[in-house]
Amino acid sequence: MSLPIPRNVRSSLLALLLITLGLPISTSTVRAVPPLIGVVCTYGPTFNLRATTGYIYTPDGNRIFMWSFARSDGPFQVPGPVLCVNQGDTVIINLTNELSEPVSIVFPGQDGVAFSGGTPGLLTQEAPPGGSVRYTFVAREPGTYLYESGTNPHRQVQMGLYGVIIVRPSMGPDYAYNDPSTRFDPRREYLLVLHDIDPYFHAAVEQGLPYDPGAIEDRYWTINGRSFPDSAADNFVPWLPEQPYGALVRVEPYDPTTNPLPALIRYANAGMVNHPFHPHGNHLRVIARDGRLLRGPNGEDTSFEDFTRTVASGQTYDLLFWWTDVEAWSSTGNPVPVQIPGLQNLVFKDGVTFYSGSPYLGEKGELPVGVVSYNQCGEFYFPWHSHALNEFTNFDEGFGGLATLLRVDPPGGCR
Amino acid sequence: METQGGSRRLTRREFLRLGGGGALALLIGGVTGMRALGASRTGPTLRPLAVEPLANLPAPPPVYIRLAATDGFIQLPGRARPLYMFGFIQVPFDAPISALDIYKGNVQAPAPIIGVDEGADVYLTLTNLGLAMRPDLDDSHTVHWHGFPNQTAVFDGVPEASISVPVGRDFPYFFRPRRAGTFMYHCHFEDVEHVQMGMTGIVFVRPAQNQGIGGIPPGKYAYNDGVPPGDPRSTAYDREFALLLNEIWTKAHDNLEAIQENIWPDYKPDYWVINGRAYPDTVRPNNDPDLPNQPISSLIQVNPGERVLLRFANLGYEQHAMQLTGIRMRVVGEDASFLRGPDGADLSYWTNTVYIGPGEARDVLFVAPPFDPDGPVYTDAVGRYNRYLLKNRNYYAQTNGGLPGLGGMVTEVRVYEGSPLPPQMIPNETYP
């Protein structure tokens, strides 16, 4: 059954494209200006965080009560800030608790976490309500790691108390690990943090009502705190003030001389269930799991490729991604070998499309009058989504939820 | 049997003549060359696979497939009423759309198994015939080749990122597969609904190595493994079986039939099927007349000592743990990726239980054990055999609608006394 995209979503997507239009992708060397897409780092190695409450918005217009880690000098945000450190850094995290119950942070994958202040808890030292605690560890191994609440995690992590730590290798910021095969294009580093939300659970916590963690039935799924299509919008779009991180993945075609380096994709599953995460467009090369490079006992490269990666609850993966214009179809000399039917014989679902009207990369074609196209310069779009398709929804509405977009620009980008 | 919606049921002969019955084997040859064997390392850095052009190689003959999208009914053990489905059925490639009315309401579940050769030009036309039971519902459809590498948007079948095909119209998809292995295909229009309703199938790509290259004899291989059949790393096989895993949430199907909405996050399946059938129907032969809309068998009949390839694909929304009790399996491919590292490390692994997430595929080899006359021995029309159950280790998926007894996502491997079975001509072939 056909369900229209809500008007607010349409305008959001339109705004997304207007904002993106013509702006180059910022490079990682420019640290002062956060990028419009890709990883937004908060740099340490000392971080001051607060555990606090706020609300996020879903693309169908609902508002959900959340708990999250925010910067002490910044607004509420979901997920918590992405903490970027260098291998060997001594990382210090000062946590202040603005909740009415104790809270803490655990660091899966980090060794030798020390603490000072706070009160003893079951898993780690906790910050009491209104109090604080300090955690200290040495970031010994590069990779992608979660940090999350270690206090009543069945409530606190579900409510949003999670974030990601990126440890950059000593080999340099354009490597994922200390191995030359993990070099990537630093303009194309993407972090996709998965989470699931049962709005009734969140409402019960907000209202102080009883709840049963075993009875959770998720209705929303988020990447970087946003459900699709909000997930495909830029970082820091004004209509999602407390969900600052977008999840659009944007690449240009592989070229052995002009564009040889892959994008680096970092997955982290902060939710309670496993998610089979599937990109359209191409396979991914899985190079690391849980912050460890995939190597055999004799150092052999045991990385592999797949088109769906089931990211288990609590897991992280690092993956390399290329898209290659293998067939190099073009209207001038190498047309597709079939006749694309005329517009009157095609459907553009709900009158909104990411399609350019042309089958050719970098070319635009005709679209029916009244069809809104978000396409700028003939770029390709592909969904990147959970293949548990019941999660590819916002409540009952399809083409939402645990999904983002892959955008493939023509060589050299949109001009 | 007359179908709902007034369309005529095909006779079995018509069905087979039109190529719509059972497993569809596109047996084609002609490849004499092949690309690099998937090495992806140039010096210390990696590069993407499959970027070499095929232009210098003789292309296999082109393949022409036409699938019609429509609806119909299937049968499930323990359920009195037929179950409403959407799906794809193969129809003649060149027939005018007006001649295809006989297929409307004649859904096939799942869609045909499609096998093509690496490097072949694949012309796949989708025809939207509309829904016999729901004339009010004029949904468009698409074909998405799930996992197709380096896809072009217009042929990727995502309605929001390209186009979809309205009722009464055709669309010509084009694919040139350059990567061997097991994939799947499905409709991507309102996918949570259309995939659950049955618009799913397996497509696999045979490696160029099958034609015999570089000292490796012609044969059947899962991948371009680069080693002779006697090598323990070889992916050579004698018989192949495509096994598509789905769950069925019958309430959603009944709701669709009754023009009711579904809340998809409430997903709660009550049947688990292989190739659209629940056990014991899974072990009925291909084109069983009692299952006219579920023509594909999952029965695995083998001679002792034969090498068997299982091509698993999961287009359900749950993870499945497929356990073969008594025979060890070697997983050689995941998601149409040969399990070999960039430096040649053998990443294949042995297991009794193959774990498969939604949207994932596995290529699995096993060697049929000798016939054991002292073990439990059963008899069918072929002869005496030992039986090994291939079943979902998640017990809840071994039921039919919660009824007592073994059912669901279960099938049988039958290893016969002697070697009574002739060479396999099509995937999933059943005997006699």
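This brings us to the overall build of chain A. Along chain A, the regular secondary structure elements total 3 helices and 27 strands. Expected size for 415 residues packed as a compact globule is a radius of gyration near 22 Å; at 22 Å, chain A falls within 12% of this value. Dimensions of chain A, computed from C-alpha atoms along their principal axes, come out at roughly 70 × 50 × 40 Å. A total of 415 residues make up chain A; the buried ones form 53% of that total. For chain A, long-range pairs separated by at least 24 residues make up 66% of all intrachain contacts whose partners lie at least 6 apart in sequence.

Next up on the list: the overall build of chain B. In terms of helices and strands, chain B carries 3 helices and 23 strands. Relative to its 432 residues, chain B shows a buried fraction of 57%. For chain B, the proportion of contacts with a sequence separation of at least 24, taken over those separated by at least 6, is 73%.

At the interface, 59 residues of chain B touch 63 residues of chain A. Among the elements of the structure, β2 (45-46), β8 (170-175) and α2 (191-196) of chain B are those that each provide at least two residues to the side of chain B that touches chain A. When its residues are assigned to classes, the side of chain B that touches chain A shows 33 nonpolar, 13 polar and 13 charged.

Turning next to unusual backbone geometry. The step from A:Phe228 to A:Pro229 runs through a cis peptide bond, and the omega angle for that step is 5°. Structurally, A:Pro229 is set in the loop between β13 (220-223) and β14 (249-251). Look at the link from B:Tyr431 to B:Pro432: it is a cis peptide, with omega at 0°. Its place among the elements puts B:Pro432 in the segment after β23 (410-416). For A:Phe236, which is not a glycine, the phi torsion comes out positive at approximately 65°. Assignment of secondary structure puts A:Phe236 in the loop between β13 and β14. Residue A:Phe236 is classed as partly exposed on the basis of its 16 C-beta neighbours within 10 Å. In this model, A:Phe399 sits at a positive phi of 55°, which is unusual for a non-glycine residue. Along the polypeptide, A:Phe399 turns up in the loop between β26 (397-398) and β27 (403-408).

What follows deals with the sheet that holds β27(A). All names here are of chain A. Ordered in space as β14-β27-β24-β16-β20, the 5 strands form an open sheet in which the pairing is mixed. Each of the sheet's edge strands pairs with one partner strand only, and the pair in question is β14 and β20 (309-311). Direction aside, the axes of adjacent strands within the sheet are offset by 20° on average. Pairing analysis gives 6 bridges linking strand β24 (residues 380-386) to β27, with the strands arranged antiparallel. Paired with Tyr 381 across the two strands is Arg 407, which belongs to β27.

With that out of the way, let us pick up the confidence of the model for chain A. When pLDDT is averaged along chain A, the result is 92, and 92% of the positions lie at 70 or above. For residues 1-30 of chain A, every residue scores under 50 in pLDDT, and the model assigns this stretch 44 contacts once sequence neighbours within four places are set aside.

A word on the sheet that holds strand β2 (residues 46-57) of chain A. All names here are of chain A. The 5 strands are arranged β3-β2-β5-β9-β6 in an open sheet whose pairing can be described as mixed. With one partner strand each, in any of the chains shown, β3 (63-71) and β6 (114-117) form the two edges of the open sheet. Each strand of the sheet is rotated relative to its neighbour by a mean of 25°, with strand direction disregarded.

Caution is warranted with low-pLDDT regions, since their predicted coordinates should not be read in detail. Residue and element names in this part refer to chain B. Averaged over all residues, the pLDDT of chain B equals 89, while 87% of them reach at least 70. Below pLDDT 50 for its whole length, residues 1-39 participates in 96 contacts with residues either more than four positions away or in separate chains. With pLDDT under 50 throughout, residues 50-56 is counted as low confidence; its partners more than four residues away or in other chains account for 11 contacts. Predicted as a complex, the structure gets a pTM of 0.91 and an ipTM equal to 0.91.

Right, let's get into the environment of B:Asn287. Residue and element names in this part refer to chain B. Structurally, the position occupied by Asn 287 is in the loop between β12 (271-274) and β13 (300-302). With 19 C-beta atoms packed within 10 Å, Asn 287 lands in the partly exposed category. As a C-alpha pair, Asn 287 and Ile 213 span 74 residues in sequence and 36 Å in three-dimensional space.

On a regular strand, each side chain points to the face opposite its neighbour's, so the side chains alternate between the two faces of the sheet. All names here are of chain A. Strand β10 (residues 143-148) sits mainly inside the fold: 6 of its 6 residues count as buried. Neither face of β10 is open: one carries Gly 143, Tyr 145 and Tyr 147, the other Thr 144, Leu 146 and Glu 148, and all of them are buried. Here β10 runs beside strand β11 (residues 162-168); their pairing, made up of 6 bridges, is antiparallel. By the bridge assignment, Leu 146 is partnered in β11 with Val 164.

Let us now look at the pairing of strand β16 (residues 329-334) of chain B. Residues and elements named next belong to chain B. Pairing of β16 with strand β18 (residues 349-351), which is carried by 3 bridges, proceeds in the antiparallel orientation. If you follow Val 331 over to β18, its bridge partner there is Tyr 349. The sheet contact formed by β16 and strand β20 (residues 361-367) spans 4 bridges and is antiparallel. For Arg 330, the partnering residue across the bridge sits in β20 and is Leu 365. Here 2 bridges tie β16 to strand β17 (residues 337-338), and the two strands are oriented antiparallel to one another. By the bridge assignment, Glu 334 is partnered in β17 with Ser 337. In textbook terms, the turn of a hairpin is the stretch between consecutive antiparallel strands, and for β16 and β17 this stretch comprises 2 residues, one of which, Asp 335, has a positive phi near 55°.

So, about the environment of A:Asp198. All names here are of chain A. Examined against the element boundaries, Asp 198 turns out to sit in the loop between β12 (189-197) and α3 (199-207). By the C-beta count within 10 Å, which is 20 here, Asp 198 ends up buried. Every residue in contact with Asp 198, bar those within four places of it in the chain, is listed here: Ile 216, Glu 217, Asp 218 and Arg 219.

Turning our attention to the nonpolar core. Counting residues in each nonpolar core, the largest one holds 219 residues, and the members touching the most others are A:Ile265, B:Leu67 and B:Phe312. Among all residues touching B:Phe312, those that are not within four sequence positions of it are B:Leu243, B:Leu245, B:Met322, B:Val354, B:Ile356, B:Ala361, B:Arg362 and B:Val364.

This part takes up the environment of A:Phe395. Within the fold, A:Phe395 resides in the loop between β25 (393-394) and β26. C-beta crowding within 10 Å serves as the criterion here: with 17 such atoms nearby, A:Phe395 is assigned to the partly exposed category. As a C-alpha pair, A:Phe395 and A:Asp218 span 177 residues in sequence and 8.5 Å in three-dimensional space. When sequence neighbours within four positions are dropped, the list of residues in contact with A:Phe395 reads A:Asp60, A:Arg219, A:Tyr220 and B:Pro265.

Basis of the calculations
Residues numbered from 1 in each chain as written. Chains lettered and ligands numbered in written order. Predicted model: local features only at pLDDT ≥ 70, side-chain atom pairs only at ≥ 80, totals over all residues. Helix = DSSP H or I, 4+ residues; strand = E, 2+ residues; numbered from the N terminus. Rg over C-alpha atoms; globule rule 2.2 N^0.38 Å. Buried ≥ 20, exposed ≤ 12 C-beta atoms within 10 Å, placed from the backbone. Contact = placed C-beta atoms within 7 Å. Nonpolar A, V, L, I, M, F, W, Y, C, P; charged D, E, K, R; others polar. Pairing = 2+ DSSP bridges. Axes fitted to C-alpha atoms, helices over the stretch in contact; angles between N-to-C directions. pLDDT = per-residue confidence, 0-100. Core = buried A, V, L, I, M, F, W, Y, C linked by C-beta atoms within 7 Å.

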